[in-house]
Amino acid sequence: MRAVNTAPPSVPAPVTPGDALDVQPTPLALLLLGRDSDPRSERGVECPGDLPSPSDPGLIERARAAKERLGERVFVLGHHYQRDEVIQFADVTGDSFKLARDAAARPEAEYIVFCGVHFMAESADILTSDRQQVVLPDLAAGCSMADMATAEQVAECWDVLTEAGVAGATVPVSYMNSSADIKAFTGRHGGTICTSSNAGRALDWAFSQGEKVLFLPDQHLGRNTAVREMGMSLEDCVVYNPHRPNGGLTADELRAAKMILWRGHCSVHGRFTLDSVNDVRERVPGVNVLVHPECRHEVVAAADHVGSTEYIIKTLEAAPAGSRWAIGTELNLVRRLANRFAPERKEVVFLDRTVCFCSTMNRIDLPHLVWALESLADGKVVNRIQVDPETEKFARLALERMLTLP
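The rules we used
- Residues numbered from 1 in each chain as written.
- Predicted model: local features only at pLDDT ≥ 70, side-chain atom pairs only at ≥ 80, totals over all residues.
- Heavy atoms only, no water.
- Helix = DSSP H or I, 4+ residues; strand = E, 2+ residues; numbered from the N terminus.
- Buried < 20%, exposed > 50% of the residue type's maximum accessible area, 1.4 Å probe, protein only.
- Contact = heavy atoms within 4.5 Å.
- Areas by Shrake-Rupley, 256 points an atom, 1.4 Å probe, with all protein chains shown as cover.
- pLDDT = per-residue confidence, 0-100.
- Pairing = 2+ DSSP bridges.
- Right-handed = clockwise from strand over helix to strand, strands pointing away.
- Phe/Tyr/Trp six-rings, centres within 6.5 Å; stacked < 30°, edge-to-face > 60°.
- Axes fitted to C-alpha atoms, helices over the stretch in contact; angles between N-to-C directions.
- Parallel < 35°, antiparallel > 145°, perpendicular 65-115°, else oblique.
- Nonpolar A, V, L, I, M, F, W, Y, C, P; charged D, E, K, R; others polar.

**Q** Whenever I open this one, the overall build of the protein chain confuses me. Can you help?
**A** When you go through the protein chain residue by residue, the secondary structure sums to 15 helices and 15 strands. Out of the 406 residues in the protein chain, the part that is buried amounts to 60%. In the protein chain, 69% of the contacts between residues at least 6 apart in sequence involve partners at least 24 apart. Split by element, the accessible area of the protein chain, about 16,300 Å² in all, is 50% carbon and sulfur.

In structure tokens, the structure reads:
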């Protein structure tokens, strides 16, 4: 995969310790704030040219004018976690896979502007035609979870499984929130991709193909799906830590496990704790706790409802007037839902007291969107995301397996 950008790479910063969840950051994870660069993807470099000032009062009109100049040549995708100032210009909104499929369904659009994060733009490039060009307004809009599993680490993990004698019985299942490289690894090794809404069906299929599953890169979605939907026990699951020799596991532990979970997580959903659930129940009488399956297992077990972003939205749509809801997912969406359902007297609050946006999603702001749209309108393609043909071939194979799941 490569991202086209003309800015020079910056000097890499020293590697820093891991976070509170004991996950050591990969070099790519250090790029999330745009400080450094990846020489292979140029992810995290500054945009060439000058961005409009964020205080420019004419930004909204400039975005509207550029979009009108482009007409049907441009199709703007907006992920649910985007800021309101950006989402207002989206032609469609949704989760990552829905948006990638929406882009593929618009072959007349020459430019796909993806207001989301890097792996989403890669998926859109994989699923769209060669004549369509996918643009990410800020290349530093990455995903901490996706960057917790690199191609080199996963290849080493497969070597560990081979040495333990279990690789032949293991089927990889990778979450949509993964890089094109990881999707391609999954395709090469007979696996499939899943979303948070079809993870159960993906695991059903995988266990019809083999005895074990290597689930990448979100340990929480894998564990929650295995235990809640598949009837497994926590003891059936082991966690492979790529920063420890042999993943921190013995050969016997790998042989005994049904689910081999990659030690990765979402930086937003991982913040919610059991204390968050208990606290909101005390603060808001009669509250319904509704969380995303990327949350920790103890949070999911204590919640009233668990489901994908689309499930969260549909659940609130069907909720009775006067009901109270605490939502465990990204704050931009929760705030938007609170405003949307307030006229129906549905009280929607954020699950935790601590305000937590997805910092990388929020890198797509109005100045970056205006710069990207105006550049396209002037005939200059910026921040194009392209997946190389070999990676695309096997990543598409894994995605197509998902599309054929029963």
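**Q** Whenever I open this one, the confidence of the model for the protein chain confuses me. Can you help?
**A** Where the model shows low pLDDT, its predicted coordinates should not be examined in detail. With 88% of its residues at a pLDDT of at least 70, the protein chain reaches an overall mean of 88. Segment residues 4-48: pLDDT under 50, and 100 contacts once partners within four positions in sequence are set aside and those in other chains are kept.

**Q** What's the story with the pairing of strand β8 (residues 212-216) in this structure? I'm lost.
**A** On any regular strand, side chains alternate: one points to one face of the sheet, the next to the other face. A large share of β8 lies buried, amounting to five of its five residues. Going residue by residue along β8, you find K212, L214 and L216 tucked away on one face and V213 and F215 tucked away on the opposite face as well. Examined bridge by bridge, strand β6 (residues 170-175) and β8 share five bridges and lie parallel to one another. Residue pairing in the sheet places V173 in a bridge with F215 of β8.

**Q** Would you mind going over the environment of F357 with me for this structure?
**A** Relative to the elements of secondary structure, F357 occurs in the loop between β14 (347-350) and α14 (366-377). Those residues in contact with F357, other than ones at most four positions away along the chain, are V268, E330, L331, N332, R335 and N362.

**Q** I would appreciate a short explanation of the pairing of strand β10 (residues 259-262) in the present structure.
**A** Burial along β10 is two-sided: the residues M259 and L261 and I260 and W262 are all buried. Of the strand pairs in this sheet, β8 and β10 are connected by three bridges, and their pairing is parallel. When the bridges of β10 are listed, L214 appears paired with I260. Where strand β9 (residues 237-240) and β10 come together, four bridges link them in parallel fashion. Of the residues in β10, the one forming a bridge with V239 is L261. Of the crossover connections in this fold, the one passing from β9 over helix α9 (residues 251-256) to the parallel β10 is right-handed.

**Q** What is the right way to read the packing of aromatic side chains from this model?
**A** Within a pair of aromatic rings, the relevant descriptors are the distance that separates the centres and the angle that separates the planes. Summed over all chains, the structure comprises three aromatic pairs. Arranged with centres 5.3 Å apart and planes meeting at 25 degrees, the rings of Y240 and W262 form a pair that is stacked. Linking Y240 in strand β9 with W262 in strand β10, this pair joins segments that are 22 residues apart in sequence. Residues F272 and F350 carry aromatic rings whose centres are separated by 5.4 Å and whose planes lie at 65 degrees to one another, so their mutual orientation is edge-to-face. Placement of the pair is F272 in the loop between β10 and α10 (274-283) and F350 in strand β14, with a sequence separation of 78 residues.

**Q** Can you help me understand the packing of helix α5 (residues 151-163) against helix α6 (residues 180-188) in this one?
**A** The packing of two helices is summarised by the inter-axis angle and the distance between the axes. For the pair α5 and α6, the least separation of the axes is 9 Å and the interaxial angle reads 30 degrees. The orientation of α5 with respect to α6, classified from their angle, is roughly parallel. Across from A151, V154 and W158 in α5, the residues of α6 making contact are D181, I182 and F185. A class-by-class count of the residues in the contact of α5 with α6 yields five nonpolar, no polar and one charged.

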